Amino acid sequence: EHTLLDGYNKMCILRWLAMASVGGGWMSDYDTFPLRSFADQAYPLPNDGAMTVHDRMIPDLVSGSANEYIRIAQNIIEDLLKEDQKVRLDLEENHPKNKKRRTYTRWSDQTSLAKWLEKIPDMFKSDTRVMIRAFDKEDEMLGQAWSSEKCRDRTPVNIWAVHFSHEAIKRAVDTNRVHPGQSMDNRADIAREWVKTWQKSCRTM
């Protein structure tokens, strides 16, 4: 049992091992939607199979060989165990009577990737093939057609996909950029409509 690892983030770590077990390849989050085909660039794997995170340090679109998935999984687990030990020592030394007194940030695969990108950039390859933050701009309203300029600016031809993260959908709901009555519970519907609108406006760009 780990102080910093909940059920959700445990599964996020196990998926790296799952990818290794099937021989490596491409891995994406379930809420990452393709915008255009990149089949001609998918195989052979980018960077000769070296672990590549295609959204900076966010593992919503990743490629690599089986050995690379194992390597990254091992390093994530080592990171987790080291940080978990620090937390346990802190609880024992500073909060022996109330071990729930302090709140600690949950560890995840992205936590490790972000740390490595800053401190150990050679740990993995990084590029930007996923649109940065859906609903990031104030003029991005659900269902509203995109202009040609907007298509070229936010989804140029080197962008392959868009990630509808929890944060992105919450931002859209909180700023009233979705349809009246829609909430976080409508995440799938919001994502599908966003993609359909993009296809009508930008597919030929």
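For the structure itself, consult the block above.
Our subject in this report is the structure included herewith.

Rules used throughout
Residues numbered from 1 in each chain as written. Predicted model: local features only at pLDDT ≥ 70, side-chain atom pairs only at ≥ 80, totals over all residues. Heavy atoms only, no water. Helix = DSSP H or I, 4+ residues; strand = E, 2+ residues; numbered from the N terminus. Buried < 20%, exposed > 50% of the residue type's maximum accessible area, 1.4 Å probe, protein only. Areas by Shrake-Rupley, 256 points an atom, 1.4 Å probe, with all protein chains shown as cover. Disulfide = S-S within 2.5 Å. Pairing = 2+ DSSP bridges. Contact = heavy atoms within 4.5 Å. Axes fitted to C-alpha atoms, helices over the stretch in contact; angles between N-to-C directions. Expected span 1.5 Å × (residues − 1). Arc of directions from axis to C-beta.

This part covers the overall build of the protein. Helix and strand counts for the protein come out as 7 helices and 7 strands. The linear arrangement of helices and strands in the protein, starting from the amino end, is α-β-β-α-β-β-α-α-β-β-α-β-α-α. When the 205 residues of the protein are sorted by exposure, 46% land in the buried category. Within the structure as shown, the protein displays about 11,800 Å² of accessible surface, and the carbon and sulfur contribution to it stands at 50%.

Here we come to the state of the cysteines. Per the stated rule, a full pass over the model turns up 1 disulfide. The disulfide partner of cysteine 151 is cysteine 202, and the gap between their sulfur atoms is 1.9 Å. With the S-S bond torsion at -70°, the cross-link from cysteine 151 to cysteine 202 turns out left-handed. One end of the pair, cysteine 151, is in helix H5 (residues 148-154); the other, cysteine 202, is in helix H7 (residues 187-202), with 51 residues separating them in the sequence. By the burial criterion, cysteine 151 is buried, and cysteine 202 matches it.

Taken together, 3 strands build an open sheet; the order of strands is S2-S7-S6 and the sheet is mixed. The open sheet has two free edges, formed respectively by strand S2 (32-34) and strand S6 (130-131), since each of these has just one partner strand. Here H7 sits on the sheet and contacts S2, S6 and strand S7 (161-163); the angle it forms with S2, its principal contact strand, is near 25°.

So, on to the sheet that holds strand S3 (residues 52-53). One open sheet holds the 4 strands; their spatial order is S1-S4-S3-S5, and the pairing between them is mixed. Two strands lie at the open edges of the sheet, namely strand S1 (24-28) and strand S5 (125-126), each paired on one side alone. The pairing of S3 with S5 spans 2 bridges and is parallel. If you follow valine 53 over to S5, its bridge partner there is serine 126. Together, S1 and strand S4 (61-65) form the strand contacts of helix H1 (residues 7-21), whose direction differs from that of S1 by roughly 145°.

Once that is clear, we can look at H7. Taking 1.5 Å of rise per residue, 16 residues should cover 22 Å, and H7 covers 22 Å from first to last C-alpha, within 8% of that figure. Buried within H7 are the following residues: Arg187, Ile190, Ala191, Trp194, Val195, Thr197, Trp198, Ser201 and Cys202. Within H7, the buried residues cover an arc of 165° as seen down the axis, which keeps them to one side. Exposed and facing more than 90 degrees away from the buried side of H7 are Lys196 and Lys200. At its buried positions, H7 is contacted by S2, S6, H5, S7 and helix H6 (166-174).

Read these as geometric descriptors, not functional statements.
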